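So the chains spell out like this:
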Amino acid sequence: MSASGGTRAIVAALGANLAIAVSKFVAFAFSGSSSMLAEGVHSLADSGNQFLLLIGGKKAQREATPQHPFGYGRERYIYAFLVSIVLFSVGGMFAIYEGYEKISHPHQVEHWYWPVGVLFFAIIAEGFSFRTAIKESNELRGKLSWSQFIRRAKAPELPVVLLEDFGALIGLVLALCGVGLALLTGDGVWDGIGTVCIGVLLVLIALVLAAETKSLLLGEAAGIEEVKKIEAAIVDGDTVTGIIHMRTLHLGPEELLVAAKIAVQHDDTAAEVAKAINAAEARIRAAVPITRVIYLEPDIYSEAEAAKGPDPAATPGGPNPHPADH
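All figures in this text were calculated on a predicted structure; none of them were measured in a lab. (Residues numbered from 1 in each chain as written. Predicted model: local features only at pLDDT ≥ 70, side-chain atom pairs only at ≥ 80, totals over all residues. Heavy atoms only, no water.)

Engineer: Describe in detail the overall build of the chain, supporting the description with residues and values.
Structural biologist: Helix and strand content of the chain: 10 helices and 3 strands. Along the chain direction, N to C, the helices and strands of the chain fall in the order α-α-α-α-α-α-α-α-β-β-α-β-α. A globule of 326 residues ought to have a C-alpha radius of gyration of about 20 Å, yet the chain, at 26 Å, is considerably larger. If you line up the chain on its principal axes, its C-alpha atoms span 90 × 40 × 40 Å. Sorting the 326 residues of the chain into buried and exposed places 48% on the buried side. In the chain, of all internal contacts separated by at least 6 residues, the share reaching a separation of at least 24 is 74%. Here the chain holds 25 positive side-chain charges and 34 negative ones, and the gap between their average locations is 3 Å. (Helix = DSSP H or I, 4+ residues; strand = E, 2+ residues; numbered from the N terminus. Rg over C-alpha atoms; globule rule 2.2 N^0.38 Å. Buried < 20%, exposed > 50% of the residue type's maximum accessible area, 1.4 Å probe, protein only. Contact = heavy atoms within 4.5 Å. Lys, Arg positive; Asp, Glu negative; His and termini not counted. Charge placed at Lys NZ, Arg CZ, Asp CG, Glu CD.)

This is the structure:
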């Protein structure tokens, strides 16, 4: 993911959410609608989330230090995980609590034109933000479905903004339904029910975000296509005759580590092996430019040695596991 594309989507979402939050709180002050209060807190939480993503992106740009030799690329994952916590606690749980209170102590929605007008304004503003996120994502999504893109994306910003904006639009529709039914029936319970539905929606989205960012924090391998490119780049068919086993790891969204044990001819000299390794590293970086750290260990492949270990894939001299297992 290009950092500039993610930043554009974040800034668009931030501007929309700040404007929407102000309008929702004004509507709540005039109408007393709990849906408006829950949606206002939701938009305020989303604004805070966008600030967190911007801070994470800034901190991730710091240079590597002796204490952090692989840099700070994973800061973006940490702040994305914080976003899921904020969305769950501040957005989802508050909305569920407020909806429960409204159902327990209902009252009619006053000055209905305030919440209805603000909801329509918010739908338009959120639609603009969602459109920007979709446009930026389509440049990277390729042939992947939206669920696959969110699952496989190594940069957290666009999936976070996409899910937040999608949840916001659905939440606005739920709020509109709750307020509308409360007005039609004269029963404020519907406003509370709409608020609870908004809270449940936000909790579910927060759990999805938490699961995805947790996976990134633990460390994910390169995508299948990148792995194939790296494998093709390593083997030259002359000095490097094959890959015994290989592991890849994202140090950040745009930083990749490659470690591989490569098979060489038994009669190659040390100078020939060193030259072949340097050439392989250059080919890897040309094939997958985000590859920043490469460790290649030469070895002589032996089926007999590979058969000795209980786990041939992890045994020195063992075979290379399938790319999908990296």
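Engineer: Any details on empty space enclosed by the protein? Residues and values, ideally.
Structural biologist: Taken as a whole, this structure holds 1 cavity of 30 Å³ or more when the rule is applied. Lining the largest cavity, in full, are Ile 150, Arg 151, Ala 153, Pro 156, Pro 159, Val 160, Leu 163, Leu 209, Glu 212, Thr 213, Leu 216 and Glu 220. Among the elements of the structure, helix 5 (146-152), helix 6 (157-185) and helix 7 (189-218) are those that each provide at least two residues to the lining of the largest cavity. Grouping the constituent residues of the lining of the largest cavity by class yields 8 nonpolar, 1 polar and 3 charged. (1 Å grid on protein atoms, 1.4 Å probe; cavity = no way out; pocket = protein on both sides within 12 Å on 5 of 7 lines; lining within 4 Å. Points joined across faces, edges and corners; volume = space filled by probe spheres on them. Nonpolar A, V, L, I, M, F, W, Y, C, P; charged D, E, K, R; others polar.)

Engineer: Residues and numbers for the confidence of the model for the chain, please.
Structural biologist: Considering every residue of the chain, the mean pLDDT works out to 84; 90% of them sit at 70 or more. Residue range residues 1-5 is modelled with pLDDT below 50. Its contacts to residues more than four positions away, or to other chains, number 12 contacts. For the stretch residues 320-326, pLDDT sits under 50, and the model shows 21 contacts to residues farther than four places along the chain or on other chains. (pLDDT = per-residue confidence, 0-100.)

Engineer: Can you explain the packing of aromatic side chains? Please cite residues and give values.
Structural biologist: Summed over the entire model, instances satisfying the criterion amount to 3 aromatic pairs. A ring pair is formed by Phe 30 and Trp 114, whose centres lie 4.4 Å apart and whose planes are at 5°; its orientation type is stacked. On the criterion of sequence distance, the pair formed by Phe 30 in helix 1 (residues 3-31) and Trp 114 in helix 4 (residues 113-141) is long-range, its members being 84 residues apart. On the basis of an interplanar angle of 90° and a centroid distance of 6.2 Å, the ring pair of Trp 146 and Phe 149 is categorised as edge-to-face. Of this pair, Trp 146 and Phe 149 both sit in helix 5, separated by 3 residues, roughly a single helical turn. Phe 149 gets classed as buried once you look at its relative accessible area, which sits at 7%. Over the aromatic face of Tyr 72 sits the side chain of Arg 62, whose NZ or CZ is 3.9 Å from the ring centroid. (Phe/Tyr/Trp six-rings, centres within 6.5 Å; stacked < 30°, edge-to-face > 60°. Lys NZ or Arg CZ within 6 Å of the ring centre and 35° of its normal.)

Engineer: For a nonpolar patch on the surface, give the residues involved together with the corresponding values.
Structural biologist: Judged by side-chain polarity, Val 22, Val 26, Phe 30, Trp 112, Tyr 113, Trp 114 and Leu 183 come together as a nonpolar surface patch covering roughly 670 Å² of accessible area. Within the residue set of the nonpolar patch, elements represented by two or more residues are helix 1 and helix 4. Within the secondary structure layout, Val 26 lies in helix 1. (Patch = residues over 30% accessible without salt bridge, like charges linked within 9 Å, V, L, I, M, F, W, Y side chains within 5 Å. Areas by Shrake-Rupley, 256 points an atom, 1.4 Å probe, with all protein chains shown as cover. Salt bridge = Lys/Arg side-chain N within 4 Å of Asp/Glu carboxyl O.)

Engineer: So what's going on with the environment of Trp 114? Which residues, and what values?
Structural biologist: For Trp 114, a relative accessible area of 31% corresponds to the partly exposed category. Separated by 81 residues in sequence, Trp 114 and Ser 33 have C-alpha atoms that sit 9.7 Å apart.

Engineer: Run through the pattern of salt bridges, naming residues and quoting values.
Structural biologist: A full pass over the atoms with the stated rule returns 10 salt bridges. Between Glu 254 and Arg 76 there is a salt bridge, and its shortest N-O distance comes to 3.8 Å. Taken together, the residues span a long stretch of sequence, with Glu 254 in the loop between strand 1 (240-252) and strand 2 (255-264) and Arg 76 in helix 3 (residues 75-104) at a distance of 178 residues. Overlapping salt bridges, with partners in common, bring together Arg 151, Lys 154, Glu 212 and Glu 220 in one network.

Engineer: Outline the side chain of His 250, supporting the account with residue identities and numerical values.
Structural biologist: Residue placement: His 250 occurs in strand 1. Within polar-contact distance, the side chain of His 250 engages the backbone oxygen of Gly 252 at 3.0 Å. With sequence-adjacent residues up to four places away left out, His 250 is seen in contact with Arg 74, Tyr 77, Lys 154, Glu 220, Ala 221, Ala 222, Glu 255, Leu 256 and Ile 290. (Polar contact = N/O pair within 3.5 Å; in protein donor to acceptor, adjacent residues only side chain to side chain.)

Engineer: So what's going on with the nonpolar core? Which residues, and what values?
Structural biologist: If you look at the biggest cluster of nonpolar residues, it comprises 38 residues, and the most contacted ones within it are Leu 53 and Val 161. When contributions to this core are tallied by element, the ones reaching two or more residues are helix 1, helix 2 (34-59), helix 3, helix 4, helix 5, helix 6 and helix 7. By residue number, the principal contributor to this core is helix 6, which donates 9 residues. With sequence-adjacent residues up to four places away left out, Leu 53 is seen in contact with Ile 10, Ala 80, Val 83, Glu 157, Val 160 and Val 161. Counting residues in each nonpolar core, the second largest holds 21 residues, with Val 227, Val 258, Ile 262 and Val 273 among its members. (Core = buried A, V, L, I, M, F, W, Y, C linked by side-chain atoms within 4.5 Å.)

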